[in-house]
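Structural features, examined
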Amino acid sequence: MDYVRTAASLHHVGYLNAIKRDLEDKEIAAAALGAFDGTVQAFGLKISDFDMHTNGAAFIVAQLTSLERIDEIDPEWIAEVTEEAMTSKALEAIRVEAGRFAYTMEGAM
């Protein structure tokens with residue numbers, strides 16, 4: 001699964017660079033979920049909803065940390081950002097777009 005996270009991380013950062021605008025943490029988190037999902041799909045993996053949720057939340061933390069958006073992990077804040085990134089209708093477009101970007105980029109590799 002490390003190879004999926006590595007690829008998804010590259011696609012996530014590529015997506016963030018491609019859109020060329022500053023994003024809020026919740027938008028970065030939604031894009032991270034989309035990139036992770038698109039990468040999983042591109043690899044043709046079958047992951048349970050529980051594992052997808054767990055890995056998605058961990059991926060959000062890893063990405064926000066590597067992008068230096070958080071210094072220390074506050075579980076309540078992470079839970080709030082993750083829930084909003086996963087369920088918000090307002091963030092749906094960024095999740096979908098980042099997922100398509102990741103899927104397309106992985107297919108091109």
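First, a word on scope: everything that follows refers to the structure included in this document. Treat the numbers as computed from the prediction; the structure is a model and nothing was measured.

1. Section: the layout of surface pockets
Over the atoms, a rolling probe the size of a water molecule traces out where space has been left empty. Approximately 300 Å³ is the volume found for the largest pocket. What lines the largest pocket is a set of 17 residues, and nearest its centre among them are Leu-33, Gly-34, Asp-37, Met-52 and Arg-95. Contributing elements (two or more residues each) for the lining of the largest pocket: α2 (25-43), α3 (49-66) and α5 (92-108).

2. Looking at a negative patch on the surface
The grouping of Glu-68, Asp-71, Glu-72, Asp-74, Glu-76, Glu-80 and Glu-83 at the surface amounts to a negative patch. You can see Glu-83 is positioned in helix α4 (residues 75-87). Using a relative accessible area of 53% as the deciding quantity, one classes Glu-83 as exposed.

3. Comments concerning the nonpolar core
Ranked by size, the top nonpolar core spans 25 residues in total, and within it Tyr-15, Leu-16, Ala-31, Phe-36, Ile-60, Ala-85 and Ile-94 carry the most contacts. Sorting the residues of this core by element identifies α1 (2-19), α2, α3, α4 and α5 as the ones contributing at least two each. Per element, the largest residue contribution to this core is eight residues, and it comes from α2. In this structure, Leu-16 is in contact with Leu-23, Ile-28, Ala-31 and Leu-67, ignoring residues within four places of it in sequence.

4. A closer look at the packing of aromatic side chains
Per the stated rule, a full pass over the model turns up three aromatic pairs. Geometrically, the ring pair formed by Tyr-3 and Phe-43 is edge-to-face, given 5.1 Å between the ring centres and 80° between the ring planes. Taken together, the residues span a long stretch of sequence, with Tyr-3 in helix α1 and Phe-43 in helix α2 at a distance of 40 residues. Overall, the relative accessible area of 46% leaves Tyr-3 in the partly exposed class. On the basis of an interplanar angle of 65° and a centroid distance of 5.8 Å, the ring pair of Tyr-15 and Phe-101 is categorised as edge-to-face. Within this pair, whereas Tyr-15 is found in helix α1, its partner Phe-101 is found in helix α5, the two being separated by 86 residues in sequence. Of the residues examined, Tyr-15 reaches a relative accessible area of 3% and is grouped as buried. On the basis of relative accessible area, Phe-101 is assigned to the partly exposed category, the value being 23%.

So, how was this worked out
Residues numbered from 1 in each chain as written. Predicted model: local features only at pLDDT ≥ 70, side-chain atom pairs only at ≥ 80, totals over all residues. Heavy atoms only, no water. 1 Å grid on protein atoms, 1.4 Å probe; cavity = no way out; pocket = protein on both sides within 12 Å on 5 of 7 lines; lining within 4 Å. Points joined across faces, edges and corners; volume = space filled by probe spheres on them. Helix = DSSP H or I, 4+ residues; strand = E, 2+ residues; numbered from the N terminus. Patch = residues over 30% accessible without salt bridge, like charges linked within 9 Å, V, L, I, M, F, W, Y side chains within 5 Å. Areas by Shrake-Rupley, 256 points an atom, 1.4 Å probe, with all protein chains shown as cover. Salt bridge = Lys/Arg side-chain N within 4 Å of Asp/Glu carboxyl O. Lys, Arg positive; Asp, Glu negative; His and termini not counted. Charge placed at Lys NZ, Arg CZ, Asp CG, Glu CD. Buried < 20%, exposed > 50% of the residue type's maximum accessible area, 1.4 Å probe, protein only. Core = buried A, V, L, I, M, F, W, Y, C linked by side-chain atoms within 4.5 Å. Contact = heavy atoms within 4.5 Å. Phe/Tyr/Trp six-rings, centres within 6.5 Å; stacked < 30°, edge-to-face > 60°.

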